[in-house]
Amino acid sequence: QVQVVESGGRLVQAGDSLRLSCETSGRMFSNFAMGWFRQAPGKEREFVAAINDAGGLIYYADSLKERFTISRDNANNVGHLQMNDLKPEDTAIYYCALSRIRVSRRSQEYDYWGQGTQVTVSS
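Not measured: the values here are computed from a predicted model. (Residues numbered from 1 in each chain as written. Predicted model: local features only at pLDDT ≥ 70, side-chain atom pairs only at ≥ 80, totals over all residues. Heavy atoms only, no water.)

**Remarks on the overall build of the protein**
Note the cut-off: Only DSSP runs of H or I reaching four residues or more are called helices, and only runs of E reaching two or more are called strands; each is numbered from the N terminus. Just to be clear, the radius of gyration here is over C-alpha atoms, and the globule rule we use is 2.2 Å times residues to the power 0.38. Between two residues, a contact is recorded if the distance between any of their heavy atoms is within 4.5 Å. Residue burial considers only the protein chains on display, and all accessible areas are found by Shrake-Rupley using a 1.4 Å probe. This count recognises Lys and Arg as positive and Asp and Glu as negative, with His and chain-terminal groups excluded. Here the site of a charge means atom NZ of a Lys, CZ of an Arg, CG of an Asp or CD of a Glu.
A tally of helices and strands in the protein yields zero helices and 11 strands. Taken against the 2.2 N^0.38 rule, which gives 14 Å for 123 residues, the C-alpha radius of gyration of the protein at 13 Å falls within 12% of a compact globule. Taking the principal axes of its C-alpha atoms as reference, the protein extends roughly 40 × 25 × 25 Å. Look at the contacts in the protein between residues 6 or more apart in sequence, and 59% of them connect residues 24 or more apart. Working note: accessible area of the protein is about 6,600 Å², and carbon and sulfur atoms make up 42% of it. With 14 positive and 14 negative side-chain charges, the protein shows a separation of 3 Å between the mean positions of the two kinds.

Here you go:
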């Protein structure tokens with residue numbers, strides 16, 4: 001059984017930085033690609049960033065690539081999403097997901113999902 005748990009979301013002000021964590025267990029984390037997605041109220045789930053199993057291939061949403069950084073620490077079974085210069089439009093529930101097969105921008109490619117962590121950015 002694979003477990004995925006996000007943490008680190010909270011209320012912040014515009015311009016602040018925040019680091020989200022994705023802790024995993026149950027299988028060898030290094031065998032999975034990892035993605036971050038977000039969903040705002042009334043909106044479709046949106047791709048944020050993804051990283052392959054070894055960490056050498058990274059994708060970002062074009063609108064976020066200058067502010068967000070994805071990383072992973074396979075030895076400790078944890079991934080991170082560093083978010084800088086946060087804006088009100090970044091407000092959403094952020095989800096971490098794992099893929100057995102490949103790194104991808106598509107949510108349908110991911111097999112295991114966390115419950116999400118709320119990020120709220122005020123003006």
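**Let's talk about the state of the cysteines**
The test is simple: Here, the term disulfide refers to a pair of cysteine sulfur atoms separated by no more than 2.5 Å.
Evaluation of the coordinates by the stated rule reveals one disulfide. Through a disulfide, Cys22 is tied to Cys96; the S-S separation comes to 2.0 Å. On the sign convention where negative is left-handed, the bridge of Cys22 and Cys96, at about -75 degrees about the S-S bond, is left-handed. Of the two residues, Cys22 is situated in strand β3 (residues 18–25) and Cys96 in strand β9 (residues 92–99); the sequence distance between them amounts to 74 residues.

**Looking at the sheet that holds strand β8 (residues 78–83)**
Strands in a sheet are paired, the pairing made by backbone hydrogen bonds, and the direction either parallel or antiparallel. Convention followed: We treat two strands as partners when DSSP finds at least two bridges between them. Whenever a helix is involved, its axis is fitted only over the stretch in contact; in every case the axis is a line through C-alpha atoms, and angles between N-to-C directions fall within 0 to 180 degrees.
With respect to topology, four strands assemble into an open sheet ordered β1-β3-β8-β7, the strand pairing being antiparallel. Each edge of the open sheet carries a strand with a single partner, namely β1 (3–7) and β7 (68–73). Adjacent strand axes in the sheet meet at a mean angle of 15 degrees when their direction is disregarded. Two elements, β7 and β8, share six bridges in a ladder whose sense is antiparallel.

**Here's the deal with the pairing of strand β4 (residues 33–39)**
Put simply, the rule reads: Only protein chains enter the accessibility calculation, which uses a 1.4 Å probe. A residue is then buried if its area is under 20% of the maximum for its type, exposed if over 50%, and partly exposed in between.
Of all seven residues making up β4, six are buried, and the element is well covered by its neighbours. Sheet topology note: the β4/β9 ladder contains seven bridges and is antiparallel. Within the sheet, the bridge partner assigned to Arg38 lies in β9 and is Tyr94. Pairing of β4 with strand β5 (residues 46–51), which is carried by five bridges, proceeds in the antiparallel orientation. Looking at the pairing, Phe37 lines up with Phe47 of β5. In textbook terms, the turn of a hairpin is the stretch between consecutive antiparallel strands, and for β4 and β5 this stretch comprises six residues, one of which, Gly42, has a positive phi near 75 degrees.

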